[in-house]
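Here is how the chains run, residue by residue.
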Amino acid sequence: MDKLTSKIVGMESELRHFALKLTADQDSANDLVQDCMLKALDNKEKFVHAQNFKGWMYTIMRNLFINNYRRVTREMSMMDDSYSIGRQNLLEVEDGERFEYAYDLKELHKVINAVPESMRKPFLMYVAGFKYNEIAEKMGLPIGTIKSRLFFVRKRLQRELKEFGK
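Throughout, residues of each chain are indexed from 1 in the direction in which the sequence is written. Thresholds applied to this predicted model are a pLDDT of at least 70 for local features of residues and 80 or more for the giving and counting of side-chain atom pairs; totals over whole chains, interfaces and linings are not thresholded and use all residues. Hydrogens and waters are ignored; side-chain quantities use all the structure's heavy atoms.

J.: Help me understand the side chain of Thr 5, please; the structure alone is not making it clear to me.
T.: Secondary structure is summarised from DSSP: a helix means a run of H or I of at least four residues, a strand means a run of E of at least two, and numbering begins at the N terminus for each. With respect to the helices and strands, Thr 5 occurs in helix 1 (residues 3-10). Residue Thr 5 is classed as buried on the basis of its relative accessible area, which comes to 12%. Polar contact is defined as a pair of N or O atoms within 3.5 Å, subject to the rule that within protein one atom must be able to donate a hydrogen and the other to accept it, and that residues adjacent in sequence are counted only when both atoms are side-chain atoms. Among the polar contacts listed, one links the side chain of Thr 5 to the side chain of Asp 2, at a separation of 2.3 Å. Two residues form a contact once any of their heavy atoms are found within 4.5 Å. Once you skip the residues sitting within four places of it in the chain, Thr 5 turns out to touch Leu 41 and Lys 44. Summary of the burial criterion: residues with accessible area below 20% of their type's maximum are buried, those above 50% are exposed, and those between are partly exposed, where the area comes from a 1.4 Å probe applied to protein chains only.

J.: How should the environment of Leu 64 be read in this particular structure?
T.: Tracing the sequence through the fold places Leu 64 in helix 4 (residues 53-91). Here Leu 64 falls in the buried class, since its relative accessible area comes to 15%. When the C-alpha atoms of Leu 64 and Val 33 are compared, they prove to be 9.7 Å apart, with 31 residues separating the residues in sequence. The residues contacting Leu 64, other than those within four sequence positions of it, are Leu 32, Asp 35, Cys 36 and Lys 39.

J.: What is the right way to read the nonpolar core from this model?
T.: The nonpolar side chains of a soluble globular protein tend to be buried with one another. Nonpolar core, defined: a set of buried Ala, Val, Leu, Ile, Met, Phe, Trp, Tyr and Cys residues in which side-chain atoms within 4.5 Å join the residues together. Among the nonpolar cores identified, the biggest contains 18 residues, and Ile 8, Leu 15, Cys 36, Phe 53, Trp 56, Met 57 and Met 61 are the most heavily contacted of them. Discounting residues that sit within four places of it in the chain, Phe 53 has contacts with Leu 4, Lys 7, Ile 8, Met 11 and Phe 47. Within the second largest apolar cluster, 15 residues are counted, among which are Ile 112, Phe 123, Met 125 and Leu 157.

J.: Help me out: how do you make sense of the pattern of salt bridges in this one?
T.: Note on definitions: salt bridges are taken to be side-chain nitrogens of Lys or Arg within 4 Å of carboxyl oxygens of Asp or Glu. The final tally for this structure, using the stated rule, is 5 salt bridges. Between Glu 12 and Arg 16 there is a salt bridge whose closest N-O contact spans 2.4 Å. One end of the pair, Glu 12, and the other, Arg 16, are both in helix 2 (residues 12-23), 4 residues apart, so they sit about a helical turn from each other. On the basis of relative accessible area, Arg 16 is assigned to the partly exposed category, the value being 25%. By sharing partners, the salt bridges in this structure join Glu 117, Arg 120 and Lys 121 into a single network.

J.: Would you take a moment to explain the packing of helix 1 against helix 3 (residues 26-42) for this structure?
T.: Helix packing for two helices is described by the angle between their axes and how far apart those axes are. Helix 3 packs onto helix 1 with a crossing angle of 170° between their chain directions and a minimal axis gap of 10 Å. By the criterion of interaxial angle, the relationship of helix 1 to helix 3 is roughly antiparallel. Of helix 3, the residues touching helix 1 (which contributes Thr 5, Ile 8 and Val 9) are Met 37, Ala 40 and Leu 41. Residues that form the contact of helix 1 with helix 3 fall into these classes: 5 nonpolar, 1 polar and no charged. With axes taken as lines fitted to C-alpha atoms, and helix axes fitted only over the stretch in contact, angles between N-to-C directions fall between 0 and 180 degrees. Any angle between 65 and 115 degrees counts as roughly perpendicular, while under 35 counts as roughly parallel, over 145 as roughly antiparallel, and the rest as oblique. Polarity classes work like this: nonpolar for Ala, Val, Leu, Ile, Met, Phe, Trp, Tyr, Cys and Pro, charged for Asp, Glu, Lys and Arg, and polar for all others, with Gly in that last group.

J.: Teacher, can you tell me more about the packing of aromatic side chains here?
T.: Note on ring pairs: Phe, Tyr and Trp rings are taken, using the six-membered ring of Trp, and paired if centres are within 6.5 Å. Classes follow the plane angle, with under 30 degrees stacked, over 60 edge-to-face and the rest tilted. If you walk through the whole model with that rule in mind, you get 5 aromatic pairs. What links up through ring pairs into an aromatic cluster is the set Phe 47, Phe 53 and Trp 56. Here Arg 154 stacks its cationic end above the ring of Tyr 126, 5.2 Å away from the centre of that ring. A positively charged side chain is recorded as over a ring if its NZ (Lys) or CZ (Arg) lies within 6 Å of the ring centre. The angle to the ring normal must also be within 35 degrees.

J.: Could you clarify how one ought to interpret the packing of helix 6 (residues 117-127) against helix 7 (residues 132-139) in this entry?
T.: Between helix 6 and helix 7, the shortest axis-to-axis distance is 10 Å and the interhelical angle comes to 135°. Comparing their axes, helix 7 and helix 6 come out oblique. Taken as a pair, helix 6 and helix 7 cross one another with a handedness that is right-handed. Contacts between helix 6 and helix 7 involve Lys 121, Pro 122, Met 125 and Tyr 126 on the former and, on the latter, Tyr 132, Ile 135, Lys 138 and Met 139. Whether a crossing is left-handed or right-handed is set by the direction in which the near helix is turned from the far one by less than a right angle, anticlockwise for left-handed and clockwise for right-handed.

J.: Any chance you could explain helix 1 here in plain terms?
T.: Given 3.6 residues per turn, any residue in an α-helix points the same way as the ones three and four places further on. Taken together, the buried positions of helix 1 are Leu 4, Thr 5 and Ile 8. Burial along helix 1 is one-sided: seen end-on, the buried residues are contained in an arc of 100°. Opposite its buried face, helix 1 presents the exposed residues Lys 3 and Gly 10, each directed more than 90 degrees away. Arc definition: directions from the helix axis to the C-beta atoms.

Printed below as a string of structure tokens:
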């Protein structure tokens with residue numbers, strides 16, 4: 001192992017600390033550290049300023065984090081657009097059913113929007129057709145967290161819509 005490779009590998013604990021500050025999630029931080037080290041190893045021949053090695057590594061990690069965040073935001077925006085189109089299609093029913101159906105959707109959206117954002121996003125993705133593992137991957141969360149959040153939202157919807165029906 002050459003000197004630069006051993007320096008990159010030796011930065012793992014410092015990178016993990018920085019990644020945890022950026023992501024606030026252990027699994028996402030581990031993924032970010034792995035991506036950063038891989039990128040640094042793939043591009044080690046481009047490193048020229050020996051006195052600023054840590055700065056180079058932190059810059060790689062920060063850029064990876066920003067790019068991942070932008071990608072997830074873009075994907076969520078596309079998902080929200082397709083969800084809005086689907087919701088519009090649901091409202092385009094026969095005039096006789098339109099009022100009742102729109103009223104139920106209005107109540108449903110009110111209940112969904114009352115759910116905290118961290119729970120609402122996975123639920124909307126699930127409704128849009130994403131699988132548990134896809135949601136977990138896109139949000140950078142463990143699959144168990146996604147399942148429990150979906151369970152929570154479903155239970156809340158059942159409870160509040162049952163009260164609405166009374």
